[in-house]
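A structural walkthrough
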Amino acid sequence: MKKQNSDGHYSGFWIDWYDDLLKDETKDIELYTNLITVDDGSVLELACGTGRLLIEFLKKGIACDGLDMSAPMLDICRKKLTAKNLQSNLYHANILSFDFPNPYKTIFISGGSFQLIPSFDEAIEGLKKIYDSLEDGGKFICDLWIPWDEIIANEQSTWKVGRVSEREDGSKLIVSYFKHFNHEQQMQTGEFKYELYHNGGLAKTHIDNIKLKWYGIDEFKLMLKNAGFVNVTSTKQQVMTSHGVSTVYIAEKH
Ligand SMILES: C[S@@+](CC[C@H](N)C(=O)[O-])C[C@H]1O[C@@H](n2cnc3c(N)ncnc32)[C@H](O)[C@@H]1O
């Protein structure tokens, strides 16, 4: 099934603040740059966004291409590459609709971004696509999380303040969110509000939502095996501050 490219949630004025909002996230970068070494190249990062991780690979001399369906996120990534004089092939595409010219030795998708694929069937389709895009002997790495605390608390959802970032010129971005859960569908919908304050007043607001699916460990291992992967392993790791403990999956293609 071919999917239309669209910027999805990752568009609007707030994208210019994406790197500011995530500036204190380092565990994901440490994890992937330790797991993937020069012997694992060539590398493809799916959902590479602004290149927070991709650029770290390039700086280490590891060839790394990137794919993302958000044009504004990729524009920021491109500008950063030019400023640092680094080279990468960046693809503006949906994970589900792209065929790569050459297979990769390693493909990864970090920070739970695989869970942004909005349905179980499309996730299965995505894993098969990833499998087909790997060399024989290649590996796929991803981390997934489950919002256990909120599922267990089962509270009436209310607006909460999330990430906040302030710049030297006094402008400030405040992210608020409101989540609702569909337990049967294993789906969290987050309504997100981005408010930019400037010169003492509210200058801009952007409201949008993100759907995020979750998967049990055995379920996801089975999905990987169903896509053709072998030697599937999982470990518990802290990856993103807002995700609690995540599960890191490594799966190989024969
Ligand atoms: C939370 S951001 C992560 C970006 C980057 N990996 C990082 O850690 O900073 C999620 C990214 O996934 C991308 N994305 C979501 N669904 C996608 C899909 N089906 N195909 C390609 N990109 C997708 C979004 O456009 C966005 O840039």
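Residues numbered from 1 in each chain as written. Predicted model: local features only at pLDDT ≥ 70, side-chain atom pairs only at ≥ 80, totals over all residues.

What follows covers helix α5 (residues 120-132). The periodicity of an α-helix, 3.6 residues per turn, causes residues three or four places apart in sequence to face the same way. Between its first and last C-alpha atoms α5 spans 19 Å; for 13 residues at 1.5 Å apiece the expected length is 18 Å, and the two agree. Every buried residue of α5 is accounted for by Ala 123, Leu 127, Lys 129 and Ile 130. The arc that holds every buried residue of α5, seen down its axis, measures 160 degrees, which confines them to one face. In this structure, the buried residues of α5 make contact with β4 (104-109), β5 (134-144), β9 (201-213) and α7 (217-226). (Helix = DSSP H or I, 4+ residues; strand = E, 2+ residues; numbered from the N terminus. Expected span 1.5 Å × (residues − 1). Buried ≥ 20, exposed ≤ 12 C-beta atoms within 10 Å, placed from the backbone. Arc of directions from axis to C-beta. Contact = placed C-beta atoms within 7 Å.)

Our focus in this paragraph is the domain arrangement of the chain. What the domain assignment lists for the chain is domain 1 (13-146 + 214-252) and domain 2 (148-212). Computed over C-alpha atoms only, the centres of domain 1 and domain 2 are separated by 23 Å. (Domains from an automatic or database assignment.)

This part is about the packing of α5 against α7. Two elements in contact, α5 and α7, have axes separated by 9 Å at closest approach and are oriented at 50 degrees. Our classification of the angle between α5 and α7 gives oblique. When the axes of α5 and α7 are compared, the crossing they make is right-handed. Contacts from Ala 123, Ile 124 and Leu 127 in α5 reach Met 223, Leu 224 and Asn 226 in α7. (Axes fitted to C-alpha atoms, helices over the stretch in contact; angles between N-to-C directions. Parallel < 35°, antiparallel > 145°, perpendicular 65-115°, else oblique. Left-handed = near helix turned anticlockwise from the far one by under 90°.)

Attention now moves to the site of the ligand. Contacts to the ligand come from 21 residues, most closely from Tyr 10, Ala 47, Gly 49, Met 69 and Ser 70. Classifying every residue of the shell around the ligand by side-chain character gives eleven nonpolar, eight polar and two charged. (Near = placed C-beta within 6 Å. Nonpolar A, V, L, I, M, F, W, Y, C, P; charged D, E, K, R; others polar.)

Time to look at the sheet that holds strand β8 (residues 187-198). Here we have four strands laid out as an open sheet, ordered β6-β7-β8-β9, and antiparallel in their pairing. Of all strands in the sheet, those bounded by a partner on one side alone are β6 (160-166) and β9. Along the sheet, successive strands turn relative to each other by an average axial angle of 20 degrees, direction set aside. As defined by bridge partners, β8 adjoins β9 across twelve bridges and the pair is classed as antiparallel. Residue pairing for β9: Glu 195 is matched across the bridge by Thr 205. (Pairing = 2+ DSSP bridges.)

Our next topic: the nonpolar core. Ranked by internal contacts, the top residues of the largest apolar core, which has 48 residues, are Leu 46, Leu 54, Ile 107, Phe 140, Cys 142, Met 223 and Leu 224. Setting aside anything within four residues of it in sequence, one finds Phe 140 in contact with Ile 107, Ile 130, Leu 134, Phe 229 and Ala 251. (Core = buried A, V, L, I, M, F, W, Y, C linked by C-beta atoms within 7 Å.)

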